[in-house]
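Coordinates in review
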Amino acid sequence: MDDWSQGIPLAYTRELADYWANEYDWRSREAALNRFDQFVTDIDGLDIHFIHQRSPHEDAFPLVITHGWPGSIVEFHKVIEPLTNPASGRAEDAFHVVCPSLPGYGFSGKPSRTGWGVEKIAEAWETLMQRLGYNRYGAQGGDWGAAVTTQLGRNGSSGGNHCAAIHLNMPIGAPSAESLKNPTEEEKAAMAGLANHRKWGIGYSTQQSTRPQTLGYGLSDSPTGQLAWIVEKFWAWSDCDGHPENALTRDELLDNVMVYWVTGTATSSARLYWESFRVWRGGDRVELPTGVAAFPGELLKPPRSWCEPNYNITRWTAMPRGGHFAAFEQPELFVDDVRAFFATVR
């Protein structure tokens, strides 16, 4: 039951699948997600689904938040309301929140041609924010959302879009030649984590970045297979002390799985790895103000010194708890840090 060394255990998979089939109430969970205003717009021939939750404060700051894999807009259901309608009642604490579903994910369209990589998605998000009337906005993201947000920051740095600042919970960073020679204790820990990930954690990304089509048949055919493929990553990447339900409820885990299952997006979501896995790390430095929330349970934890060549970091927060799915796992910490960072650029 507790041995995850070869993947999600059989006993827990059976237990979770049985709960999904016989007790999980999708209609009530669907209704809860539908409390947010949702829309679809065509961008370059592809339907893009997005939440657009406006604040009651008209002069709130626009913010586009992007999820990654194996996440979805479900990750943000606990942060949208406090961001749009803060308990303080102050307009300077409020945001107009936009949460798009990545192309090929959730209720967005599935690209029928290649080319929908990180760079194109960032351009699409700029188009989306302009259509919504936001001529100055911030961007936030983790996982693939961090890659898209980084690209928005690069484009904004060169005057190529209207992004004013970015906030990340998974920044891009790599050790310098000097740090490899004389690493600090923090750098040693980061390099050990990276080595462990390369040894044990990259099987999913190798498959999705090389043969997503082949993988997709099995995941699209089997709800239990889709559940296992996703939930294993919530065990591995969340700050869960050995069990994903220590970080998120059973229903929350299944809400996210359902977004993949009911839309049949196992294959189309994996294709983002094929499109971008080898290319998205490169690019110019982000000169826009950049905030980083560094969560201790994150998949990879590059030190600030590794990230500063890539970003103009003006705020770096070492979080006390939380992992890869930051807004999902620790919504209060997430909201507080996002609000504190963007207060410096409003």
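Further up the page is the structure itself.
Cut-offs applied
Per chain, residues are indexed from 1 in the order of the written sequence. pLDDT decides what is reported in this predicted model: residues at 70 or higher carry local features, side-chain atom pairs at 80 or more are listed and counted, and totals for whole chains, interfaces and linings draw on all residues regardless. Excluding hydrogens and water, the side-chain values take into account all heavy atoms of the structure. Numbering of helices and strands runs from the N terminus, with a helix taken as a DSSP run of H or I at least four residues long and a strand as a DSSP run of E at least two residues long. Radius of gyration here is computed from C-alpha atoms only, and the compact-globule reference equals 2.2 Å multiplied by the residue count raised to the power 0.38. For every residue, the accessible area (1.4 Å probe, protein chains only) is compared with the maximum for its type, and the residue is labelled buried under 20%, exposed over 50%, or partly exposed between those bounds. Using a 1.4 Å probe, the Shrake-Rupley method yields the accessible areas, and only the shown protein chains count as cover for residues. This count recognises Lys and Arg as positive and Asp and Glu as negative, with His and chain-terminal groups excluded. Note that the charge is assigned to NZ on lysines, CZ on arginines, CG on aspartates and CD on glutamates. To qualify as a nonpolar core, a set must consist of buried Ala, Val, Leu, Ile, Met, Phe, Trp, Tyr and Cys residues joined through side-chain atoms within 4.5 Å. Only heavy atoms matter for contacts: two residues are in contact if any of them lie within 4.5 Å across the pair. Structural elements are reduced to axes, namely lines fitted to C-alpha atoms, with helices fitted over the stretch in contact, and the angle between N-to-C directions of any two is expressed from 0 to 180 degrees. Note on terminology: angles under 35 degrees are roughly parallel, angles over 145 are roughly antiparallel, angles of 65 to 115 are roughly perpendicular, and the others are oblique. Note on residue classes: Ala, Val, Leu, Ile, Met, Phe, Trp, Tyr, Cys and Pro are nonpolar, Asp, Glu, Lys and Arg are charged, and everything else, Gly too, is polar. Stacked, edge-to-face and tilted labels apply to pairs of Phe, Tyr and Trp rings (six-membered ring for Trp) whose centres lie within 6.5 Å, assigned for plane angles under 30 degrees, over 60, and everything in between, in that order. For a Lys NZ or an Arg CZ to count as sitting over a ring, it must be within 6 Å of the ring centre and within 35 degrees of the ring normal. For two strands to pair, DSSP has to find at least two bridges joining them. For a helix, the expected span equals 1.5 Å multiplied by the residue count minus one. Note that bend, as reported per residue, equals the angle between axes fitted to the 7 residues terminating at that residue and the 7 residues originating from it. Each crossing is labelled by how the near helix is turned from the far one, with a counterclockwise turn of less than a right angle marking it left-handed and a clockwise turn marking it right-handed.

1. Thoughts on the overall build of the protein
Tallying secondary structure elements over the protein gives 15 helices and eight strands in all. For 346 residues, the compact-globule estimate of 2.2 N^0.38 gives 20 Å, and the C-alpha radius of gyration of the protein, at 19 Å, lies within 12% of that figure. Seen through its C-alpha atoms, the protein measures out along the principal axes to roughly 50 × 50 × 45 Å. A total of 346 residues make up the protein; the buried ones form 56% of that total. Surface accessibility of the protein: about 14,600 Å² in total, with carbon and sulfur atoms responsible for 49%. Side chains of the protein carry 30 positive and 42 negative charges; the gap between the two charge centres is 5 Å.

2. A word on the nonpolar core
If you look at the biggest cluster of nonpolar residues, it comprises 67 residues, and the most contacted ones within it are W125, W144 and L152. It is helix α4 (residues 118-131) that provides the largest number of residues to this core, a total of seven residues. Among all residues touching L152, those that are not within four sequence positions of it are V64, A122, W125, E126, Y137, A139, N161 and C163. Among the nonpolar cores identified, the runner-up in size contains 26 residues, and F61, A293, F295 and F341 belong to it.

3. Observations concerning the packing of helix α8 (residues 203-210) against helix α12 (residues 266-276)
It is the contact of α8 with α12, at a shortest axis distance of 6 Å, that shows an interaxial angle of 85 degrees. When the interaxial angle is binned, α8 and α12 end up roughly perpendicular. Contacts between α8 and α12 involve Y204, S205, Q208, S209 and T210 on the former and, on the latter, A270, Y273 and W274. Among the residues making up the contact of α8 with α12, the classes are represented as four nonpolar, four polar and no charged.

4. Quick notes on the packing of aromatic side chains
Scanning all chains against the criterion turns up 19 aromatic pairs. Judged by centre distance (5.8 Å) and plane angle (50 degrees), the ring pair of W4 and Y12 falls under tilted. Pair check on accessibility: W4 and Y12 agree, each one buried. Both rings, one in F234 and one in F325, keep their centres 3.8 Å apart while their planes meet at 10 degrees; by these two values the pair is stacked. In this pair, F234 is assigned in helix α10 (residues 223-237) and F325 in the loop between β8 (311-318) and α14 (326-329), connecting sequence segments 91 residues apart. The class of F234 is buried, set by a relative accessible area of 1%. F325 gets classed as buried once you look at its relative accessible area, which sits at 1%. An aromatic cluster is present here, built from W69, W144, Y204, W229, F234, W237, Y273, F277, F325 and F328 joined pairwise through their rings. One Lys or Arg, K120, reaches over the ring of W116 and ends 4.7 Å from the middle of that ring. The ring of Y19 carries R250 above its face, with NZ or CZ at 5.3 Å from the centroid.

5. A short note on the sheet that holds strand β6 (residues 163-168)
Reading across from one edge, β1-β2-β4-β3-β5-β6-β7-β8 is the order of the eight strands in this open sheet, with mixed pairing throughout. Two strands close off the open sheet at either side, each with one partner strand: β1 (38-43) and β8. Adjacent strand axes in the sheet meet at a mean angle of 25 degrees, parallel and antiparallel pairs treated alike. The sheet contact formed by β6 and strand β7 (residues 286-294) spans three bridges and is parallel.

6. Points about helix α11 (residues 250-263)
For an α-helix, 3.6 residues make a turn, and residues three or four places apart therefore share a direction. Its 14 residues give α11 an end-to-end C-alpha distance of 20 Å, which sits within 8% of 20 Å, the value for a rise of 1.5 Å per residue. V257 marks where α11 bends most, by close to 30 degrees. Counting buried residues along α11, eleven of its 14 residues qualify, which places the element largely inside the surrounding structure. Within α11 the residues assigned to the buried category are R250, E252, L253, L254, D255, N256, V257, M258, V259, Y260 and T263.

7. Concerning the packing of helix α9 (residues 212-221) against α12
Viewed as axis vectors pointing N to C, α9 and α12 meet at an angle of 155 degrees, and their least axial separation amounts to 8 Å. Classified by the angle between their axes, α9 and α12 sit roughly antiparallel to one another. Crossing handedness for the pair α9 and α12: right-handed. Along the contact surface, α9 presents P212, Q213, G216, Y217, L219 and S220, while α12 presents A266, T267, A270, R271 and W274. Per-class residue counts for the contact of α9 with α12 are six nonpolar, four polar and one charged.

8. Looking at the pairing of β1
The sheet contact formed by β1 and strand β2 (residues 46-53) spans six bridges and is antiparallel. In the strand pairing of β2, I43 is matched with L46. Here β1 folds back onto β2, and the loop between the two strands holds two residues, one of which, D44, carries a positive phi near 50 degrees.

9. Some words on the environment of A94
Among the structural elements, A94 can be located in the loop between α3 (80-84) and β4 (95-100). Assessed through its relative accessible area of 0%, A94 is described here as buried. Taking C-alpha positions, A94 is 43 Å from G218, a pair spaced 124 residues apart along the chain.

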